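Analysis of the macromolecular model
Below are the chains, spelled out letter by letter.
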Amino acid sequence: MGALGQHFDELETKHKLEVGELEMRIIDLETELTIIKGRYESLCGKVRTNANEKRNEGENFLRTYRQDKD
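Here the residue index of a chain counts from 1 through its sequence in written order. With pLDDT at 70 or above as the cut-off, local features in this predicted model cover only qualifying residues; side-chain atom pairs require 80 or more to be listed or tallied, and sums for whole chains, interfaces and linings still use all residues. Excluding hydrogens and water, the side-chain values take into account all heavy atoms of the structure.

Describing the overall build of the chain
Put simply, the test is: Numbering of helices and strands runs from the N terminus, with a helix taken as a DSSP run of H or I at least four residues long and a strand as a DSSP run of E at least two residues long. Buried, partly exposed and exposed residues are distinguished by accessible area as a fraction of the type maximum, computed with a 1.4 Å probe on protein chains only: under 20%, between the cut-offs, and over 50%, respectively. Accessibility throughout is a Shrake-Rupley quantity obtained with a 1.4 Å probe, and a residue counts as covered only by protein chains that appear here.
For the chain, the helix and strand inventory stands at two helices and zero strands. In the chain, which comprises 70 residues, the share counted as buried stands at 0%. Roughly 6,900 Å² of accessible area belongs to the chain as shown, and the carbon and sulfur atoms make up 58% of that amount.

With respect to a nonpolar patch on the surface
Defined as follows: Here a patch means residues that are over 30% exposed by relative accessible area and free of salt bridges, tied together within 9 Å if like-charged and within 5 Å if nonpolar (Val, Leu, Ile, Met, Phe, Trp, Tyr). We define a salt bridge as a contact between a side-chain nitrogen of Lys or Arg and a carboxyl oxygen of Asp or Glu at a distance within 4 Å.
Together, L4, F8 and L11 line one region of the surface with nonpolar side chains, adding up to about 280 Å² of accessible area. With respect to the secondary-structure elements, F8 resides in helix α1 (residues 2-55).

Some points on the pattern of salt bridges
On inspection of all chains with the given rule, the structure shows one salt bridge. One salt bridge connects K16 with E12, and the closest N-O pair in it is separated by 3.5 Å. You can see K16 and its partner E12 sitting in helix α1, four residues apart, about one turn around the helix. A residue is classified by how much of its surface remains accessible, and E12, at 41% relative accessible area, is partly exposed.

This is the structure in structure tokens:
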């Protein structure tokens, strides 16, 4: 059973290496996801800020706001 045992040991080693590579890939993907989420939140904040600034521009804001309510 020496050859069969050696074959199983080789398969187990190969399997462990593949699992390790997959775990590293998962870590890389999670890191990329965190970066992308941060960028998304930043862009959303900029869009909200720009939208609020444009909406509030000028002296007509309160008058047009009141007209919209009536």
